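# Examining the three-dimensional arrangement
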Amino acid sequence: MRQVPGSSGPLASLLSAVPVTVVETHDDPADAVLFPEEEAVVANAVAKRRNEFTTVRHCARAALKSIGVPPAPILPGQRGAPRWPAGVVGSMTHCAGYRAAVVARADEVTSLGIDAEPGEPLRDPDVLGLIADEAERAALAGLGARHPGTPWDRLLFSAKESVYKTWFPLTGRWLGFEEARVELDPDGTFTARLLVEGPVVEGVELKVFSGQWIVRDGIAATAIVLPLVTPAVRS
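First, a word on scope: everything that follows refers to the structure included in this document. Everything quoted here is computed from the prediction, not taken from an experiment.

Moving on, we get to the nonpolar core. The nonpolar side chains of a soluble globular protein tend to be buried, and buried together. Counting 30 residues, the largest nonpolar core has Leu 156, Val 163, Val 182, Leu 184, Phe 190 and Phe 209 as its most contacted members. A per-element tally of this core places helix H6 (residues 152-171) first, with nine residues. Discounting chain neighbours no more than four positions away, the residues touching Leu 156 are Leu 128, Ile 131, Ala 132, Glu 136, Leu 140, Val 182 and Leu 184. Judged by nonpolar contacts, the second largest core, of 21 residues, contains Val 20, Ala 116, Ala 221 and Ala 223.

What follows is the structure, encoded as structure tokens:
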């Protein structure tokens, strides 16, 4: 990871060994500002939404600066996915008390996705039935019995969000919770197996995403960084 001063939180810790830049904060800094094009997006937003939108872009621009990319508007594109400058891949996330952005050069990373959630179990137990299939729920029950202090259901939700954020820039298509099966491991990693046709990159169909998770500083965070794909050899 390329170090940025002040970034030492959950995602910086999680992604220390990969070629990405992380900027994260637990506050909404007073010097965070928007470009006019971004201001138009949140002109009628409530204060909470505006603060999240502004600070996460402040983080993103700091991360971009560290890899030599000048400040520019980061506008929501299709399905709200951020539109990054040419030659850049990235992902942003925010939840109560935390905002973060991760960026990388497109010649070093194929795609990436991050997500952060409160580091506590899901408040509504019905949500689990919407995001997890029978196999995933059984696995969560086993993990909860062996490691009761970890919010496994929240991590599953977060991991699926990271899967989607990694998937969408490669496909431009929606991916439902039921279309990827996630297996969480107590060692801080997870595997997501796509149950639909995977994105094809350099002639290679990607069917499995590998990620990492952490619970730290009251935050449950997950991340996927897809390395560059070697072109398939055609005979």
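This is not the end of the story, as more comes after the structure.
Ordered by their spatial adjacency, five strands build an open sheet running E4-E10-E9-E6-E5, and the pairing between neighbours is antiparallel. Of all the strands in the sheet, the pair left with one neighbour each is strand E4 (109-118) and strand E5 (180-185). Across the sheet, the mean angle from the axis of one strand to that of its neighbour is 20 degrees, orientation sign disregarded. Sheet topology places strand E9 (residues 208-216) next to strand E10 (residues 219-227); six bridges connect them, and they run antiparallel. Among the inter-strand pairings, Val 215 is bridged to a residue of E10, identified as Ala 220.

A few words now on the layout of surface pockets. Of the pockets and cavities examined, the largest pocket occupies roughly 810 Å³. In terms of lining, the largest pocket is formed by 36 residues, of which the most central are Gly 80, Ala 81, Pro 82, Met 92 and Lys 165. By residue class, the composition of the lining of the largest pocket is 18 nonpolar, nine polar and nine charged.

On to the pattern of salt bridges. Counted under the stated rule, the structure contains 11 salt bridges. Its salt-bridge partner being Glu 120, residue Arg 154 comes within 3.9 Å of it at the nearest N-O pair. One end of the pair, Arg 154, is in helix H6; the other, Glu 120, is in the loop between E4 and helix H4 (126-131), with 34 residues separating them in the sequence. Residue Arg 154 is classed as buried on the basis of its relative accessible area, which comes to 9%. Under the relative-accessibility criterion, Glu 120 is labelled partly exposed at 28%. Glu 136 serves as the salt-bridge partner of Lys 160, at 3.0 Å between the closest nitrogen and oxygen.

Relative to the 28 Å expected for 20 residues at 1.5 Å per residue, helix H3 (residues 47-66) spans 29 Å between its end C-alpha atoms, a close match to the ideal helical length. Among the residues of H3, Glu 52, Phe 53, Thr 54, Thr 55, Val 56, Arg 57, Cys 59, Ala 60, Arg 61, Ala 63 and Leu 64 are the ones counted as buried. Positive phi appears at Gly 68, one or two residues downstream of H3, with a value of about 85 degrees.

Thresholds, definitions, all that
The numbers attached to residues start from 1 for each chain and follow its sequence in the written order. The predicted nature of this model means local features are confined to residues of pLDDT at least 70 and side-chain atom pairs, given and counted, to a pLDDT of 80 or more, with totals for whole chains, interfaces and linings taken over all residues. Values reported for side chains reflect all heavy atoms of the structure, with hydrogen atoms and water molecules removed beforehand. Here, nonpolar core refers to any group of buried Ala, Val, Leu, Ile, Met, Phe, Trp, Tyr and Cys residues whose side-chain atoms link them within 4.5 Å. Note on exposure labels: buried denotes an accessible area under 20% of the residue type's maximum, exposed denotes more than 50%, and partly exposed covers the range between, all computed with a 1.4 Å probe on protein chains only. What counts as a helix is a DSSP run of H or I of at least four residues, what counts as a strand is a run of E of at least two, and both are numbered from the N terminus. Contacts are assigned to residue pairs with any non-hydrogen atoms lying within 4.5 Å of each other. Strand pairing is assigned whenever DSSP detects at least two bridges linking the two strands. In this analysis an axis means a line fitted to C-alpha atoms, helices contributing only their contacting stretch, and an angle means the value between N-to-C directions, from 0 to 180 degrees. A pocket, in this scheme, is an open set of points on a 1 Å grid over the protein atoms alone with protein on both sides within 12 Å along at least 5 of 7 lines, while a cavity is a set where a 1.4 Å probe fits but cannot get out; residues line either one if an atom lies within 4 Å of a point. Grid points are joined across faces, edges and corners, and a volume is the space filled by probe spheres set on the points. Gly falls in the polar group here, along with every residue not listed as nonpolar (Ala, Val, Leu, Ile, Met, Phe, Trp, Tyr, Cys, Pro) or charged (Asp, Glu, Lys, Arg). What makes a salt bridge here is a side-chain nitrogen of Lys or Arg within 4 Å of a carboxyl oxygen of Asp or Glu, nothing more. Residue count minus one, scaled by 1.5 Å, sets the expected span of a helix.

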